[in-house]
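Structure assessment
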Amino acid sequence: MVIQLESQQISMSSPFDTIVAPITGAENAAVAVVRVSGTEAWEVAAKVFQPWPETPTPRFALYGHFITGDDGLALPFAEDHSYTGDQTVELSIHGSRASVQALVEACLVAGARMARPGEFTERAFLNGRLDLTQAEGVRDTVEALTQTQLRQANLLREGTLRDQVRAIRAEVEAVLAAVEASVDFSEEIGDLDRPVAVAQLGVAIQELDRLLLTQEAGRILRRGYRIAIVGPPNAGKSSLLNALLGYDRAIVTEVPGTTRDFVEERIDLGGVPCVLTDTAGLRETEDRVESIGVERSRRVAEAADEVWYVVDGTVGLTPEDEASIETIERPVAVIWNKADLLQPDRSYRTYKTYSISALTRQYLDLLVDHVKGKIDSTGAESVWINDRHAPLLHSSRESLDNAAKTLKVDLPFDLASVHLQAALADLGQITGETAGEDVLDAIFRNFCIGK
């Protein structure tokens, strides 16, 4: 929700400030909630809500009236027992934009300042209520559009990735402790058992590899699987887009070259967020506008995760189609349309081939299953890493591999220690133990106001 501030400008932030923001959506609703959090949260609440008891009972809702003229509930939380870890009160009011804005303004006058995007969750992290992966899970939960996205967000919020990363850190720390002890106290404890240490690192590397296998599924989940629908004119590309969407998004006519530019839509296919792009028909044309559309179609295909090449099943693949398919450098599925009229030989070289009817919607479930297969192999209950985690895991794995090689060839222990410490630093950036201010800023600035 956008709050126009007239009575107070947002001041420089401080972890000791008392902050306020609506934590519910921006649209008008029956009820909205405004959160006040910080050392003076209850004092602010006492100025805007009556009756406010001298000693509120935490987590006991109060009914009363706001100085804005509205009535509603106040729910106080004690320090260390709130979402942020700070003293907090959540104020429930009627959900009109005017009502919410008036209450936020009143809280600002009473001594709070407007919260920055993500500041409530950032404070929860700084107060030890969440680690960075759980904070990312909060953001992913708010932004989830599909059940698969929501399931993965829940796994992050529950601490699944945090626990796995900390288990790997524990393995590495045990090896580092043994290495450093063998250097400092070699006379008392003897030499390091190198094979045992290498085996421990092998276990940690295997766990890293298992997490890294989820990188592609995580990328698809968060960015969307981009599918370019290409093919000759009148093959049924726009009809296929409309059939999958369930409504007429693209213009469909019998006139070749109707689609002059690409049409892009987001869609949930079996829990997988996808970006479908209907493109201009691929053919040689002297029409200047259509030729621009054809060129754009080729560029869209080049940028896609996968290309669906649609052909008219009653016509079949022409030599021009085969030549076009061979030039596509992305994964290709050949879609034979008009299966209601003809069931063709669906095989075409090594390409995945499907026979469907965009008109009757027959066999569209095969395309949905095809897309689901892009992430199903990873395991529904596994937590999938994101683009921030992946390079840190790769770097950590490389450091552990170097440490293991050092121990195998009997090089000085100090070299192995350097590699092990580097791996621990990378793993700590994932959960937040070693993350710098720039990392925190990059994560929390992408949150919305109220989270």
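Residues numbered from 1 in each chain as written. Predicted model: local features only at pLDDT ≥ 70, side-chain atom pairs only at ≥ 80, totals over all residues. Heavy atoms only, no water.

Counting its secondary structure elements, the protein contains 16 helices and 13 strands. Residue burial in the protein is summarised as follows: out of 451 residues, 50% are buried. Long-range pairs, those at least 24 residues apart, make up 64% of the contacts in the protein between residues at least 6 apart in sequence. (Helix = DSSP H or I, 4+ residues; strand = E, 2+ residues; numbered from the N terminus. Buried < 20%, exposed > 50% of the residue type's maximum accessible area, 1.4 Å probe, protein only. Contact = heavy atoms within 4.5 Å.)

A separate point is helix α5 (residues 147–157). Think of an α-helix as 3.6 residues a turn; residues three or four steps apart then line up on the same face. Among the residues making up α5, those that are buried are Thr148, Gln149, Gln152, Ala153, Leu155 and Leu156. Mapping the buried residues of α5 onto a view down its axis gives an arc of 155°, with all of them on the same face. Immediately beyond the C-terminal end of α5, within one or two residues, lies Gly159, with a positive phi of roughly 90°. (Arc of directions from axis to C-beta.)

Time to look at the environment of Gln429. Checked against the element boundaries, Gln429 lands in helix α15 (residues 413–431). Through-space distance from the C-alpha of Gln429 to that of His389 is 8.6 Å; in sequence the pair is 40 residues apart. Once residues lying within four places of it in the same chain are set aside, the contact partners of Gln429 are Leu132, Arg388, Leu392, Thr434, Ala435 and Val439.

For the rest of this paragraph, the subject is the side chain of Thr279. Mapped onto the elements, Thr279 comes out in the loop between β10 (272–278) and α11 (288–303). Classification of Thr279 as buried rests on a relative accessible area of 0%. Within the structure, the side chain of Thr279 is placed 2.8 Å from the backbone oxygen of Ile229, a separation counted as a polar contact. (Polar contact = N/O pair within 3.5 Å; in protein donor to acceptor, adjacent residues only side chain to side chain.)

Another aspect to go through is the sheet that holds β10. With respect to topology, six strands assemble into an open sheet ordered β9-β10-β8-β11-β12-β13, the strand pairing being mixed. Among the strands making up the open sheet, the edge pair consists of β9 (263–269) and β13 (352–355). Strand-to-strand twist of the sheet, defined as the mean angle between neighbouring strand axes without regard to direction, takes the value 25°. Across the face of the sheet, helix α9 (residues 215–223) comes into contact with β8 (225–230), β9 and β10 while running at roughly 65° to β10. Contacts between helix α12 (residues 319–327) and the sheet are confined to β11 (306–312) and β12 (332–337), with β11 contributing the most and set at about 180° to the helix. (Pairing = 2+ DSSP bridges. Axes fitted to C-alpha atoms, helices over the stretch in contact; angles between N-to-C directions.)

Interaxial distance between helix α4 (residues 132–143) and α5 falls to 7 Å at its minimum, and their mutual angle equals 150°. As far as their axial angle goes, α5 and α4 are roughly antiparallel. Handedness of the crossing formed by α4 with α5: left-handed. In this structure, α4 uses Thr133, Gln134, Glu136, Gly137, Val138, Asp140 and Thr141 to contact α5, whose residues at the interface are Leu150, Ala153, Asn154, Leu156 and Arg157. Looking at the contact of α4 with α5, its residues break down into four nonpolar, five polar and three charged. (Parallel < 35°, antiparallel > 145°, perpendicular 65-115°, else oblique. Left-handed = near helix turned anticlockwise from the far one by under 90°. Nonpolar A, V, L, I, M, F, W, Y, C, P; charged D, E, K, R; others polar.)

For the rest of this paragraph, the subject is the packing of aromatic side chains. This structure, assessed with the given rule, holds five aromatic pairs. Seen from their ring centres, Phe125 and Phe444 are 6.4 Å apart, and the 40° between their planes marks the pair as tilted. On the criterion of sequence distance, the pair formed by Phe125 in helix α3 (residues 119–126) and Phe444 in helix α16 (residues 437–444) is long-range, its members being 319 residues apart. Judged by its relative accessible area of 13%, Phe125 is buried. Relative accessible area serves as the criterion here: at 2%, Phe444 is assigned to the buried category. Among the aromatic residues, those joined into a ring-pair cluster are Trp42, Phe49, Trp52 and Phe66. Across from the ring centre of Phe120, 4.9 Å away, lies the NZ or CZ of Arg35, which sits over that ring. Over the face of the ring belonging to Tyr83 we find Lys451, whose NZ or CZ atom lies 5.1 Å from the ring centre. (Phe/Tyr/Trp six-rings, centres within 6.5 Å; stacked < 30°, edge-to-face > 60°. Lys NZ or Arg CZ within 6 Å of the ring centre and 35° of its normal.)

Right, let's get into the side chain of Arg139. One can find Arg139 in helix α4. For Arg139, the residues in contact, after removing those within four places along its chain, are Asn386, Ile443, Asn446 and Phe447.

Of all hydrophobic cores here, the largest spans 34 residues; its most connected members are Leu201, Leu393, Leu400, Leu407 and Leu420. Broken down by element, the residue count for this core peaks at eight residues, all from helix α8 (residues 194–212). Residues contacting Leu420, with those up to four places away along its chain left out, are Val172, Val175, Leu176, Val179, Leu201, Leu400 and Ala403. (Core = buried A, V, L, I, M, F, W, Y, C linked by side-chain atoms within 4.5 Å.)

Here we come to the environment of Gln206. With respect to the element layout, Gln206 can be found in helix α8. Residue Gln206 is classed as exposed on the basis of its relative accessible area of 55%. Remark: the alpha-carbon pair of Gln206 and Ile168, spanning 38 residues in sequence, is separated by 9.7 Å.

On to unusual backbone geometry, then. The linkage connecting Gln50 with the following residue, Pro51, adopts the cis geometry, with an omega of 0°. Note that Pro51 resides in the loop between β3 (49–50) and β4 (62–66). Within the chain, Arg59 stands out as a residue other than glycine whose phi angle is a positive 65°. One can find Arg59 in the loop between β3 and β4. Phi at Asn234 takes a positive value of approximately 65°, unusual for a residue other than glycine.

We now examine the sheet that holds strand β6 (residues 88–95). The seven strands are arranged β3-β4-β5-β6-β2-β1-β7 in an open sheet whose pairing can be described as mixed. For this open sheet the edge positions go to β3 and β7 (113–114), each flanked by a neighbour on one side alone. The pairing of β3 with β4 spans two bridges and is antiparallel. Each bridged residue has a counterpart across the sheet, and for Gln50 the counterpart in β4 is His65. Along the sheet, α3 contacts β1 (19–22), β2 (29–37) and β7; its crossing angle with β1, the most-contacted strand, is approximately 130°.

On the surface, a nonpolar cluster with roughly 250 Å² of combined accessible area is contributed by Val409, Leu411 and Leu415. Considering the arrangement of structural elements, one finds Leu411 in the loop between α14 (389–408) and α15. (Patch = residues over 30% accessible without salt bridge, like charges linked within 9 Å, V, L, I, M, F, W, Y side chains within 5 Å. Areas by Shrake-Rupley, 256 points an atom, 1.4 Å probe, with all protein chains shown as cover. Salt bridge = Lys/Arg side-chain N within 4 Å of Asp/Glu carboxyl O.)

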